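Each chain, letter by letter, is given below.
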Amino acid sequence: MNIKKRMNLFLGACLLAGGMWAQTVCVSTPNTSLLLSAPQGCKLKVLHYGHRLAANEVESVSAAEAGHNAYPEYGLICPTETAIAVKHHDGNMTLDLQVVQSRVEESGEAMLATVEMKDSRYPFFVTLRYKAFRDADVIEAWTEISHQEKKPVTLHQFASAYLPIRRGNVWISHLYGSWANEGRLAQEALQPGMKVIKNKDGVRNSHTAHAEVMFSLDGQPRELEGRVIGAALCYSGNYKLRIDTHDDEYHHFFAGINEENSAYSLKRDERFTTPALALTYSNEGLSGSSRNFHRWARQHKLAHGNVPRKILLNSWEGVYFDINQEGMDQMMGDIAAMGGELFVMDDGWFGDKYPRKSDNSSLGDWVVDTDKLPNGIEGLLADARKHGIKFGIWIEPEMANTTSELYEQHPEWIVQAPGREPVLGRGGTQVVLDLSNPEVQDFVFGIVDRLMTAYPEIDYIKWDANMSIQNHGSNYLTKDNQSHLYIAYHQGFEQVCQRIRAKYPDLTIQACASGGGRANYGILPYFDEFWVSDNTDALQRVYMQWGTSYFFPAIAMASHISAAPNHQTFRTIPLKYRVDVAMSGRLGMEIQPKNMTDEEKTLCKKAIAEYKEIRDVVQMGDIYRLVSPYDNLGVASLMYVAPRKEEAVFYWWKTEHFCNQHLPRVRMAGLNPDRLYTVHELNRIDNVPLPFEGKNFTGAYLMNNGLEIPYTHQVDYHKQTAYASRILQLTVVD
Ligand code: GLA
């Protein structure tokens, strides 16, 4: 770093405030800033988080803002919510943290601010770090805790970060749900009291609530306007988000690992690093915050975030456990003929002594069932080669069944309370392997390593996880450290992921956990995508994918065309609608093509070809959510716009189906007002083109008026249906 840069950093970090040398720390992204006051020997305070500060106003803002303790500690001031609470080696329950030093460094993709603090009496250290990305409006905040006391210190609370949010008419948007109903959007005004969003599953942390939230600062949430702070905890385990509102001017937001049943005994010189809390700010509404998260995810967080995803067929809903060589070959041939690029063999291919015929056995025995697949994986790869597509495979590496050779050999490897019979999961026999144990970590890494060493052509792995941690207990952790289980499990999981990525950087890996149980930014650095839900019903997917899109980009959201009637809801939805919904995420199929008519196959083939044209816009573009399905207006609509705005894709799905229902005319967003766009309908099934087909409109017209979308499809009478949907491709006229 040259001297000028160093000087600039120094000046950025140390500014004159109120006539004294008070050290302030300011980190900025292109459009946001975080400002802290960090005078040596005093409390660290957060003064501002929001729009980017100009260099020449930092001093004024520092003087004008009183600020809040940036990491409130328990003990001396007891009644308020805190970020950290500990018991020192001598039983003392108090902390008094003071700034020792702070610095701001350039670190390639980001600016990194570090503030070191120490207790005024004990050798107990807390370091706060803030990473502000240069090309994405996200600041990651995390905390490192260590000490040099004589004996271990117990950590009872250890938040990743705290943020005060100015009161006003603040609303939160967050996700909730359950199996087959993941990613539901909830929006509510913050009221006095404490709002807690949490997870205690141990393994899957996004089925129920999500570890992400958005705060709309200007009243009822709006998609395209208003100031919004977004926060995403980058963690795959139990979490707790707290928003405490008592009678003062701020909402107090804390986010971190859920400390319940997880007290952590920290040894001298051991460093406890919390997961990061990713913060974003936008004055372009909820969609603006989503675009910030998506850009950051693609650039920095998601595995292969800038590589377009292949169009695949997954075998699960097509054949379930009924795997065999001929069946797989047929499915591969069918998806190849429709233009697909990858076939994924799901559950049911493994087990020797205990072949996997249903969900009650064999997890852990990752050897081919040669009765089903006499030519083994080699035979399947040869089929894939023959059809000119890639091959992927399903595994559930963190699990075992009690009916398995693995369990017979290593009963001590499972998560189990000592002296008690384990509570069992799926199939009445499923158990979780104890990833706190390095031997188990080696085993889990070895599952992938053995497959990939033997069959380097495997292109894709679907990594499933279908059980919670039950039976709090580990045969590996010491008696005193049983409360480390939840945290140690995820540390072990992450270590395995790191080893896999170090050796197999190019492999595509999907995170699945009974559907959408692992949509989180803790795992995404190692995974390319996640399965949004085991529910593939297109209508319900509109709601689930809508919510999920708040925080995660379309490139990460696996979205598959499935059969009618749907296997989860038994609803019969026309193929056109099913295709139009799946095409708004990472497109795939999850169906038995053998059961499809030629007409259906033709429609899918055309859709796949058209998806290839818009894939870059969907997967790399900026999202603008236009009409929410949660507003019950009878229609949902969103669009993706390419970064330079020369291309866009508009989606429109009816969500209610009544005769003579009146739907809103949808105005577009995100286009260049001054340019002309040609409109072209994709997946057209109507006998006559739409009146605006092939016509040119300015971005201004499309954003001020929108287009009048017919409520039904002009098709032969016997094909009429209440489900109507449209995808419009917009391309700038040169
Ligand atoms: C879970 C997954 C499904 C499928 C089955 C296989 O439920 O979410 O997609 O892989 O397991 O058993």
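The numbers attached to residues start from 1 for each chain and follow its sequence in the written order. Predicted model: local features are reported for residues with pLDDT of at least 70 only, side-chain atom pairs are reported and counted for 80 or more only, and whole-chain, interface and lining totals are derived from all residues. The side-chain values count all of the structure's non-hydrogen atoms but skip hydrogen atoms and water molecules.

Asker: Got a minute to help me understand the overall build of the chain in this structure?
Answerer: Every helix listed is a DSSP run of H or I at least four residues long, and every strand listed is a run of E at least two residues long, numbered separately from the N terminus. On a plain count of helices and strands, the chain comes out with 13 helices and 37 strands. Over its C-alpha atoms the chain spans a radius of gyration of 27 Å, differing by no more than 12% from the 27 Å that the globule rule assigns to 734 residues. For the chain, the spread of C-alpha atoms along the principal axes amounts to about 80 × 70 × 50 Å. Relative accessibility thresholds used throughout: buried, under 20% of the residue-type maximum; exposed, over 50%; partly exposed, between the two (1.4 Å probe, protein chains only). Expressed as a percentage of the 734 residues in the chain, the buried residues total 62%. Contacts were defined at the residue level, with two residues in contact if any of their heavy atoms lie within 4.5 Å. For the chain, the proportion of contacts with a sequence separation of at least 24, taken over those separated by at least 6, is 69%. For the radius of gyration, the atom set is restricted to C-alpha positions; the globular benchmark scales as 2.2 Å times the number of residues to the power 0.38.

Asker: How do you make sense of the pairing of strand β35 (residues 676-682) when you look at a structure like this?
Answerer: Within a regular beta strand, the side chains point alternately toward one face of the sheet and then the other, so they alternate between its two faces. Whether two strands pair depends on DSSP finding at least two bridges between them. Two elements, β35 and strand β36 (residues 696-698), share three bridges in a ladder whose sense is antiparallel. Bridging across to β36, Thr 678 finds its partner in Asn 696. Examined bridge by bridge, β35 and strand β37 (residues 725-732) share six bridges and lie antiparallel to one another. In the sheet register, Val 679 faces β37, and the bridge partner there is Leu 730.

Asker: Where do I start with the packing of aromatic side chains in this structure?
Answerer: We describe a pair of aromatic rings using the distance from one ring centre to the other and the angle between the two ring planes. In this analysis, rings of Phe, Tyr and Trp, with Trp reduced to its six-membered ring, are considered paired at centre separations within 6.5 Å, and the interplanar angle assigns stacked below 30 degrees, edge-to-face beyond 60, and tilted for intermediate values. Applying the stated criterion across every chain, the model contains 27 aromatic pairs. With centroids separated by 5.2 Å and ring planes inclined at 75°, the aromatic side chains of Phe 530 and Phe 552 adopt a geometry described as edge-to-face. Taken together, the positions of Phe 530 in strand β29 (residues 529-531) and Phe 552 in the loop between α10 (538-548) and β30 (557-562) put the pair 22 residues apart, joining distant regions of the chain. The exposure classification of Phe 530 matches that of Phe 552, with both residues buried. Three or more aromatic residues link up through ring pairs in this structure, and these residues are Phe 293, Trp 296, Tyr 521, Phe 530, Tyr 550, Phe 551 and Phe 552. The ring of Tyr 624 carries Arg 291 above its face, with NZ or CZ at 3.9 Å from the centroid. For a lysine, the NZ atom is tested; for an arginine, the CZ atom; a charge sits over a ring if that atom is within 6 Å of the ring centre and within 35 degrees of the ring normal. The ring of Tyr 550 has Arg 625 sitting right over it, with the charged end atom 3.9 Å from the ring centre.

Asker: In this structure, what is going on with the domain arrangement of the chain? I would like to understand it.
Answerer: A common way to report how large an interface is uses the accessible area buried once the components associate. Boundaries between domains were set according to an automatic or database domain assignment. What the domain assignment lists for the chain is domain 1 (3-301), domain 2 (312-620) and domain 3 (624-732). A C-alpha centroid distance of 34 Å is found between domain 2 and domain 3. As a working definition, buried area equals the accessible area (1.4 Å probe) given up by two parts on being put together, with both sides summed. Between domain 2 and domain 3 lies a buried interface of about 2700 Å² when both sides are counted; carbon and sulfur atoms form 63% of it. Note on definitions: salt bridges are taken to be side-chain nitrogens of Lys or Arg within 4 Å of carboxyl oxygens of Asp or Glu. On inspection of domain 2 and its partner domain 3, the count reaches two salt bridges.

Asker: Is there a simple way to explain the nonpolar core in this structure?
Answerer: What tends to happen in soluble globular proteins is that the nonpolar side chains get buried as a cluster. Definition of nonpolar core: a set of buried residues of the types Ala, Val, Leu, Ile, Met, Phe, Trp, Tyr and Cys, connected through side-chain atoms within 4.5 Å. In this structure, Trp 349, Phe 391 and Trp 463 are the most contacted members of the largest nonpolar core, which totals 139 residues. With residues near it in sequence (within four places) discarded, Phe 391 still touches Met 332, Leu 342, Phe 343, Met 345, Ile 377, Leu 380, Leu 381, Ala 384, Glu 457, Ile 458, Asp 459 and Tyr 460. Within the second largest apolar cluster, 65 residues are counted, among which are Ala 83, Ala 211, Ile 229 and Tyr 235.

Asker: I tried to follow the packing of helix α5 (residues 325-337) against helix α6 (residues 376-387) on my own but got confused; where do I start?
Answerer: Every angle, taken between N-to-C directions, lies between 0 and 180 degrees, and every axis is a line fitted to C-alpha atoms, over only the stretch in contact when it is a helix. The N-to-C vectors of α5 and α6 enclose an angle of 25°; their axes lie 9 Å apart at closest approach. By the criterion of interaxial angle, the relationship of α5 to α6 is roughly parallel. Like other packed secondary-structure pairs, α5 and α6 cross with a definite hand, here right-handed. In contact with Gln 325, Met 328, Asp 329, Met 332, Gly 333 and Ala 336 of α5, α6 contributes Gly 376, Gly 379, Leu 380, Asp 383, Ala 384, Lys 386 and His 387. If an angle is under 35 degrees, it is roughly parallel; if it is over 145, roughly antiparallel; if it lies from 65 to 115, roughly perpendicular; otherwise it is oblique. Crossing handedness is defined as follows: a turn of the near helix away from the far one that is anticlockwise and smaller than a right angle gives a left-handed crossing, while the clockwise case is right-handed.

Asker: Is there a simple way to think about the sheet that holds β35 in this case?
Answerer: In sheet architecture, strand pairing relies on hydrogen bonds along the backbone and comes in two forms, parallel and antiparallel. Pairing in this open sheet of six strands is antiparallel, and the strands run β32-β33-β34-β37-β35-β36 from one edge to the other. The strands lining the two open edges of the sheet, one partner per strand, are β32 (622-627) and β36. Strand-to-strand twist across the sheet, computed as the mean angle between neighbouring axes with direction ignored, equals 25°. This element, helix α11 (residues 575-582), spans β34 (647-654), β35 and β37 of the sheet and lies at about 45° to β37.

Asker: Hey, could you run me through the site of the ligand in this one?
Answerer: The immediate surroundings of the ligand are formed by 13 residues, with Asp 346, Asp 347, Lys 462, Gly 515 and Asp 534 found nearest. We define a polar contact as two N or O atoms separated by no more than 3.5 Å, with the added condition that, inside protein, one atom must be a possible hydrogen donor and the other a possible acceptor, whereas residues neighbouring each other in sequence contribute only through side-chain atom pairs. A distance of 2.8 Å separates an oxygen atom of the ligand from a polar atom in the side chain of Lys 462. At 2.6 Å, a side-chain N or O of Asp 534 approaches an oxygen atom of the ligand. The Shrake-Rupley method, run with a 1.4 Å probe sphere, supplies the accessible areas, and residue values consider only the shown protein chains as cover. A total of 310 Å² of accessible area belongs to the ligand in isolation, and the protein chains cover 96% of it. Each residue belonging to the shell around the ligand can be placed in one class, and the counts come to four nonpolar, three polar and six charged. In this text, near means that some heavy atom of the residue lies within 4 Å of the molecule or strand in question. Residues were grouped as follows: Ala, Val, Leu, Ile, Met, Phe, Trp, Tyr, Cys and Pro as nonpolar; Asp, Glu, Lys and Arg as charged; and all remaining residues, including Gly, as polar.

Asker: Got a minute to help me understand empty space enclosed by the protein in this structure?
Answerer: A probe as big as a water molecule, rolled over the atoms, marks out the empty space that is left. With a 1 Å grid spanning the protein atoms alone, the term cavity applies to any set of points in which a 1.4 Å probe fits but cannot get out, the term pocket to an open set with protein on both sides within 12 Å along at least five of seven lines, and the term lining residue to any residue with an atom within 4 Å of a point. Grid points are joined across faces, edges and corners, and a volume is the space filled by probe spheres set on the points. In the structure shown here, the tally under the stated rule is ten cavities of 30 Å³ or more. Empty space within the largest cavity amounts to approximately 70 Å³. Arg 541, Val 542, Gln 545, Trp 546, Ser 549, Met 557, Val 581, Ser 584, Leu 638, Tyr 640 and Trp 653 are the residues that line the largest cavity. Of all elements in the fold, only α10 and β33 (635-641) reach the threshold of two or more residues within the lining of the largest cavity. By residue number, the principal contributor to the lining of the largest cavity is α10, which donates four residues. Partitioned by chemical class, the residues of the lining of the largest cavity number seven nonpolar, three polar and one charged. Three or more residues apiece are contributed to the lining of the largest cavity by two domains, here domain 2 (312-620) and domain 3 (624-732).

Asker: What exactly am I supposed to notice about the sheet that holds strand β27 (residues 460-463) here?
Answerer: If you walk around this closed barrel you meet the eight strands as β22-β23-β24-β27-β28-β29-β30-β31, and the pairing is parallel. Along the sheet, successive strands turn relative to each other by an average axial angle of 30°, direction set aside. The sheet contact formed by β30 and strand β31 (residues 586-590) spans five bridges and is parallel. By the bridge assignment, Ser 559 is partnered in β31 with Leu 587. Seen against the sheet, α5 touches β22 (312-314), β23 (342-345), β24 (390-395) and β31 and runs at an angle of roughly 150° to β23. Running at roughly 150° to β31, helix α12 (residues 598-620) makes contact with β30 and β31 of the sheet.

Asker: Quick question: what am I supposed to make of the pairing of strand β4 (residues 45-51) here?
Answerer: When you tally the buried positions in β4, you get five out of seven residues, the bulk of the element. Across six bridges, strand β3 (residues 32-37) lies against β4 in antiparallel orientation. Across the sheet, Leu 34 pairs through a bridge with Tyr 49, a residue of β4. Where β4 and strand β5 (residues 68-69) come together, two bridges link them in antiparallel fashion. Bridge pairing in β5 places Lys 45 opposite Asn 69.

Asker: What's the story with α5 in this structure? I'm lost.
Answerer: Helix span, as expected, comes to 1.5 Å for every residue beyond the first. With 13 residues, α5 should reach 18 Å at 1.5 Å per residue; the first-to-last C-alpha distance of 18 Å fits that figure. Of the residues that open α5, the one with a side-chain oxygen 3.3 Å from the backbone nitrogen of Glu 326 is Asn 324. Two residues or fewer after α5 comes Gly 339, characterised by a positive phi angle close to 100°.

Asker: Please clarify how the pattern of salt bridges should be interpreted in this entry.
Answerer: Side chains carrying opposite charge are able to pair once their charged atoms draw close together. Across all of its chains, the model carries 45 salt bridges by this definition. Linking Arg 103 and Glu 116 is a salt bridge whose minimum nitrogen-to-oxygen distance equals 3.0 Å. Of this pair, Arg 103 sits in strand β7 (residues 97-107) while Glu 116 sits in strand β8 (residues 110-119); the two residues are 13 residues apart in sequence, bridging distant segments of the chain. Taken together, the shared-partner salt bridges connect Lys 576, Asp 580, Glu 681, Asp 686 and Arg 726 into one network.

Asker: Just to check I follow, could you spell out the environment of Leu 313 for this structure?
Answerer: Examined against the element boundaries, Leu 313 turns out to sit in strand β22. Residue classification places Leu 313 among the buried positions, given a relative accessible area of 0%. Through-space distance from the C-alpha of Leu 313 to that of Gly 340 is 7.3 Å; in sequence the pair is 27 residues apart. Once residues within four sequence positions are removed from consideration, Leu 313 is found in contact with Met 331, Ile 335, Leu 342, Phe 343, Val 344, Met 589, Glu 590, Ile 591 and Pro 593.

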